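This is what each chain is made of:
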Amino acid sequence: MDQKEKHPEDLGLLPGVGLTSLATLMFQVALTRIFSVALWHHFAFMVVSIAFFGYGASGTFLMIIPKTRCTRPGLSRLAFILSVTILFSYWCSNRIPFDPARITWDRYQWIYLLACYAVLAIPFFFAGLILALVYTHNSDKIGHLYAWDLTGAGLGCTGIFLVYSRVGEAGSVLAVCLIASLASLVFSAGGWKLNLVRFFWMGILCVFLVTSPEFLNIKISPYKTLNVALRYPGSRLLETRWDAAGRIDVIESGAVRFAPGLSLQFHGSLPHQIGMCLDAGKLNAVTQFSGKREEIAFTEFLPASLPYYMLGTPNNVLIMEPMGGLDILIARYHGAKKIVTTHSNPLFVRLMMGPMKAFSGNLYGDNVDVVQEQGRSFLLRAPLASDVIQLPVTDSLGGLSSGLYGLAEDYTLTVEAFKTYIGALTPDGLLSVTQYLLPPPRHEIRLAAVASAALKAMGIKEPERHIAAIRTWGTFTLVIKRNPFTIPDVQRIKAFCGRLRFDLVYYPGMVRAEANVFNRFPGPIYHDMIEKVLNPNKREAFYEEYVFDVRPVTDDRPFFYHSFRMDKVVPLYRAVGNKWQLFIEGGYLVYLILLQALVIGLFLVALPLKKARLSSSWWLMVYFGLIGIAFMLTEVCLIQRFVLFLVRPAYAFSAVLFSVLVATALGSYHSPTLTQTLTVEARLRLQDASGQRKGLAPKLSAGRFRRRLTYLVAAPILILAYTLCLDNLLNLAMSWPLIVRHGVAFLVILPLGFVMGMFFPVGVRILSLHSESTIPWAWSLNGCASVVGSVLAVVIALSYGFKAVLCAAALAYALALFILFAGDFSYHWDKDYT
């Protein structure tokens, strides 16, 4: 490398690294959003995670071809290639006919899946190549370089949401291409030929950004709800909107007949409805309403009317995530005096108060208080004594859903959440939760288990006296009362079900013969299972024997829709008629993703083994693997821990990831204080050995160096402290204003992130003094381990909870520190430098 290229302080190198990382992180998050819409969100997790192995492949490439030069023009060309390959990979992946809904019967889908991996890995490969080259040839300034890398990534995780909300999916990809082109320009503005091509390319991107050509439109699976609804005759797409929380499509279709569990005793016609589809999946509806009560008489025939039938006219009603507002209509029909609604996605509110305002009869205006945050966080912040709290059905075609939500965290359906809801009820208040029936029974049974566990945790000795459940032809409704159900309550429930031909599932003192009367199964399976869940003498035996996991979920393990058990795979396969369709759900796929990650990672790491010859520094390779896994385990847990605290999941993800990356960038920037003494004294020893310096150079003993690293021990200690104390600390600040809570989040994350940011640059600096040529291999191993760590975090959380993930992260950091402290450092030092 030329002398003039050596110094990273030269104008352009540091910003170039930052812009490269900015573009890469934005592209990664954009792909996650795009595949969440085109496929399902856990397939997005799978595809993007594996594609990120392109980072690891870049290090492997540099180990196999070590003479790759690191010059400014070379970096500029690589950044330009990155810009081109981002758009190319997006276009190709959009044309590959991979569809997870067909994977169980179409053997070619596995080939298409591998093609998606390969195509999407290309831009990550070139981004990784840029960073690996810079780190390898500027290892003496690794702290500042890595800080710019992390800062760019931190800005990327917030910037992509701003871009996405304005220009949508394809537009966000084009914006990322422009940023990568800007990185190319910053690395080196020289060369008229490259500039001509570069500015021509940027012009094309700008034209595409303005005109939105059709060939860049996202291709959505034909099996997703949006396309199913649009295939109805006369269907049409009215409007599409985006923001950080997702995409909403407004449609007119015959499929939009939203009245979940409507009694067959209703012989009228439903009002005209317009559909609203979230991320091309969840389809809800807005009902036309002009203010006349008789227009919404059908709501009296819905199972969600049960609480009103029992209570009469309630004073205060809280409805969580009403989306199109059907449950608001139910409350208004029954004369509710005050209605409060909570919304985690502000797009629905903007649509209902904007284009849908006249059509819905100003549903969100009159007598309705709109709160734009999750219902649970609202109750924790501002407790409201409610007569009725409703968690409604949100998906019009939920009965047709493939159930692809096994990896989705849901903090609204945990034991702690139910404790909050029940605690917010008046003494005779009712909590009502309605879901679609999705045989075989699992989610419905877990609802009863969660309710029972919440009541038990509140000190109620007989939870079974506070729970009732009914069933329609397609829905299941669970009702929890703060006080025990009385005989008049039970009589009202029986009268409601008898009039509307709904089936009783459970009430205190119910006999088995009363179940399964109108909408018949081969037996009263729902009654039998819930009776076992609520019976303390039968509960544990039922949990152990049942093929699904229906134990209550908690905030530490909030995967309500994950019900699969690895120890029951064979019995379940036989129970569903030797078919694999049920196994397409996320609970099993995550293990497949982990296996893929391990195989690909080991392959990439093993490729350069012969060239590496790491007889003196193999232990540092293990170190880089451990810190990659530990970083991702910690990052995933911190994001999950702050979702409830910061109200809106999408914004919480952005804010926490930004805080983690910026905090680690600060730590990386200050990491030279750990390694500069090591570097200076190494050079002095080299001068002594070559006779260039007379006299005795100061000796840096292994013990002295270890003492300089002692405060890295704060990382595992802080992680364990967060495991024990973080929830209580956040609960104390839950009632504070949102902007203050964002500040609290950053300050809480700062100490841990600061220390975590030092591990990688310290490792690179030490490795550079032992075997600088193997830095690309360390980069490869760290990248592969990071991918494995992100998947491993989900696997551990599904089985043991997020606290176990944090404990695993603390262990990984502790092992990494053991390598630094206990490695035969003095031996290698003397061998290399004296």
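Note that the coordinates shown come from a computational prediction; the quantities given were computed from them, not determined experimentally.

Student: So what about the sheet that holds strand E8 (residues 386–391)? Which residues, and what values?
Tutor: Spatial strand order, E7-E6-E5-E8-E9-E11-E10-E12: eight strands in an open sheet with mixed pairing. This sheet does not close on itself; its edge strands, each paired only once, are strand E7 (368–371) and strand E12 (503–506). Neighbour to neighbour, the strand axes of the sheet diverge by 20° on average, direction disregarded. Here strand E10 (residues 467–471) runs beside strand E11 (residues 475–481); their pairing, made up of five bridges, is antiparallel.

Student: If you had to explain the side chain of Thr287 to someone new, which residues and values would you point to?
Tutor: You can see Thr287 is positioned in strand E4 (residues 282–287). Given a relative accessible area of 3%, Thr287 falls into the buried group. A polar contact is formed between the side chain of Thr287 and the side chain of Gln273, at a distance of 2.9 Å. Other than its neighbours up to four places away in sequence, Thr287 contacts Pro271, His272, Gln273, Phe298, Leu329, Phe359 and Ser360.

Student: Can you explain helix H7 (residues 192–211)? Please cite residues and give values.
Tutor: Think of an α-helix as turning once every 3.6 residues; residues three or four places apart then point the same way. A rise of 1.5 Å per residue sets the reference length of H7, with its 20 residues, at 28 Å; its end C-alpha atoms lie 28 Å apart and thus fit the reference within 8%. Every buried residue of H7 is listed here: Leu194, Asn195, Arg198, Trp201, Met202 and Leu205. Down the axis of H7, the buried set is contained in an arc of 135°. They therefore lie on one face. Projecting away from the buried face of H7 at angles above 90 degrees are the exposed residues Trp192, Lys193, Leu196, Phe200, Val210 and Thr211.

Student: Account for the side chain of Ser172, with residues named and values stated.
Tutor: Residue position: Ser172 is located in helix H6 (residues 142–187). Residue classification places Ser172 among the buried residues on the basis of a relative accessible area of 0%.

Student: Lay out the sheet that holds strand E2 (residues 246–252) with the relevant residues and their values.
Tutor: If you trace the four strands from one edge of the open sheet to the other, you get E1-E2-E3-E4, paired in antiparallel fashion. At either margin of the open sheet sits one strand with a lone partner, and together these are strand E1 (236–243) and E4. Each adjacent strand pair in this sheet contributes to an overall mean axis angle of 25°, direction not counted. Here six bridges tie strand E3 (residues 273–278) to E4, and the two strands are oriented antiparallel to one another. Paired with Gln273 across the bridge in E4 is Thr287. Taken strand by strand, H6 contacts E1 and E2, and its axis lies near 130° from that of E1.

Student: Describe unusual backbone geometry, listing the residues and the values that go with them.
Tutor: Outside of glycine, negative phi angles account for most residues, and trans bonds account for most peptide bonds. Backbone torsion omega between Pro439 and Pro440 reads 0°, so that peptide bond is classified as cis. Checked against the element boundaries, Pro440 lands in the loop between strand E9 (425–436) and helix H14 (443–457). Even without a glycine there, the phi angle at Asp279 is positive, about 50°. Residue position: Asp279 is located in the loop between E3 and E4. Given a relative accessible area of 15%, Asp279 falls into the buried group.

Student: Mind laying out the pattern of salt bridges, listing which residues take part and the relevant values?
Tutor: Under the counting rule described, the total for this entry stands at 23 salt bridges. Across the salt bridge formed by Asp428 and Lys481, the nearest N and O atoms sit 3.7 Å from each other. Pair noted here: Asp428 is in strand E9 and Lys481 is in strand E11, with a separation of 53 residues, a long-range link. You can call Asp428 partly exposed: its relative accessible area is 43%. Residue Glu531 is joined to Lys538 by a salt bridge in which the shortest nitrogen-to-oxygen separation is 3.4 Å.

Student: Could you give me a rundown of the pairing of strand E6 (residues 338–342), with the residues and numbers involved?
Tutor: With four of five residues buried, E6 lies mostly within the body of the structure. Here five bridges tie strand E5 (residues 316–320) to E6, and the two strands are oriented parallel to one another. Paired with Asn316 across the bridge in E6 is Lys338. Chirality of the crossover, the property in question, places the unit of E5, helix H10 (residues 326–333) and E6 among those that are right-handed. Read as a crossover between parallel neighbours, the route from E6 over helix H11 (residues 346–353) to E7 is right-handed.

Student: Lay out the packing of aromatic side chains with the relevant residues and their values.
Tutor: Inspection of every chain in the model, using the stated rule, returns 26 aromatic pairs. Aromatic side chains Tyr135 and Trp779 sit 5.4 Å apart centroid to centroid with 75° between the ring planes, which places their arrangement in the edge-to-face category. Note that Tyr135 is positioned in helix H5 (residues 108–137) and Trp779 in helix H27 (residues 775–800), a separation of 644 residues in sequence. For the pair Tyr135 and Trp779, a shared accessibility class is recorded, and that class is buried.

Student: Please provide a residue-by-residue account of the environment of Gln372, values included.
Tutor: In this fold, Gln372 is placed in the loop between E7 and helix H12 (375–381). Sequence separation between Gln372 and Asn345 is 27 residues; the distance between their C-alpha atoms is 7.3 Å. Every residue in contact with Gln372, bar those within four places of it in the chain, is listed here: His343, Pro346, Val349, Val647 and Arg648.

Student: Which residues make up the pairing of E10, and what values go with them?
Tutor: Counting buried positions along E10 yields five of five residues, so the element is predominantly enclosed. On E10, burial covers both faces: Ile467, Ala469 and Arg471 on one face and Ala468 and Ile470 on the other are all buried. Adjacent in sequence and paired antiparallel, E10 and E11 are bridged by three residues. One ladder, built from three bridges, connects E10 with E12; its direction is antiparallel. Within E12, the residue paired with Ile470 across the bridge is Leu504.

Student: Quick rundown of H14? Include the residues and the values.
Tutor: Over its 15 residues, H14 runs 21 Å from end to end, which matches the ideal 21 Å to within 8%, given 1.5 Å per residue. H14 sits mainly inside the fold: 12 of its 15 residues count as buried. All of the buried residues along H14 are His443, Glu444, Ile445, Arg446, Leu447, Ala448, Ala449, Val450, Ala451, Ser452, Ala454 and Leu455. Elements that come into contact with the buried residues of H14 comprise helix H13 (415–423), E9, E10, E11, helix H16 (525–534) and helix H17 (539–545). Two residues or fewer after H14 comes Gly459, characterised by a positive phi angle close to 90°.

Student: Got a sec to walk through the packing of H14 against H16? Specific residues and values, please.
Tutor: Where H14 contacts H16, the axes come no closer than 9 Å and their chain directions differ by 25°. By the criterion of interaxial angle, the relationship of H14 to H16 is roughly parallel. By crossing handedness, the relation of H14 to H16 is classed as right-handed. Across the interface between the two elements, Glu444, Ile445, Ala448, Ala449 and Ser452 of H14 pack against Tyr526, Met529, Ile530, Val533 and Leu534 of H16. Partitioned by chemical class, the residues of the contact of H14 with H16 number eight nonpolar, one polar and one charged.

Student: Can you tell me about the nonpolar core, naming the residues and giving the values?
Tutor: One recurring pattern in soluble globular proteins is that nonpolar side chains are buried together. Membership of the largest hydrophobic core comes to 233 residues, with the highest contact counts inside it found for Tyr623, Phe624, Phe642, Phe759, Phe760 and Tyr813. The dominant element in this core, judged by the number of residues it contributes, is H6, at 20 residues. If we ignore the near neighbours within four places in the chain, the residues touching Phe624 are Phe760, Gly763, Val764, Leu767, Ala778, Leu781 and Asn782. With 51 residues, the next largest nonpolar core counts Val340, Phe378, Leu447 and Ala469 among its residues.

Conventions and cut-offs
- Residues numbered from 1 in each chain as written.
- Predicted model: local features only at pLDDT ≥ 70, side-chain atom pairs only at ≥ 80, totals over all residues.
- Heavy atoms only, no water.
- Pairing = 2+ DSSP bridges.
- Helix = DSSP H or I, 4+ residues; strand = E, 2+ residues; numbered from the N terminus.
- Axes fitted to C-alpha atoms, helices over the stretch in contact; angles between N-to-C directions.
- Buried < 20%, exposed > 50% of the residue type's maximum accessible area, 1.4 Å probe, protein only.
- Polar contact = N/O pair within 3.5 Å; in protein donor to acceptor, adjacent residues only side chain to side chain.
- Contact = heavy atoms within 4.5 Å.
- Expected span 1.5 Å × (residues − 1).
- Arc of directions from axis to C-beta.
- Salt bridge = Lys/Arg side-chain N within 4 Å of Asp/Glu carboxyl O.
- Right-handed = clockwise from strand over helix to strand, strands pointing away.
- Phe/Tyr/Trp six-rings, centres within 6.5 Å; stacked < 30°, edge-to-face > 60°.
- Parallel < 35°, antiparallel > 145°, perpendicular 65-115°, else oblique.
- Left-handed = near helix turned anticlockwise from the far one by under 90°.
- Nonpolar A, V, L, I, M, F, W, Y, C, P; charged D, E, K, R; others polar.
- Core = buried A, V, L, I, M, F, W, Y, C linked by side-chain atoms within 4.5 Å.

Purely geometric stuff here, so don't read any function into it on its own.
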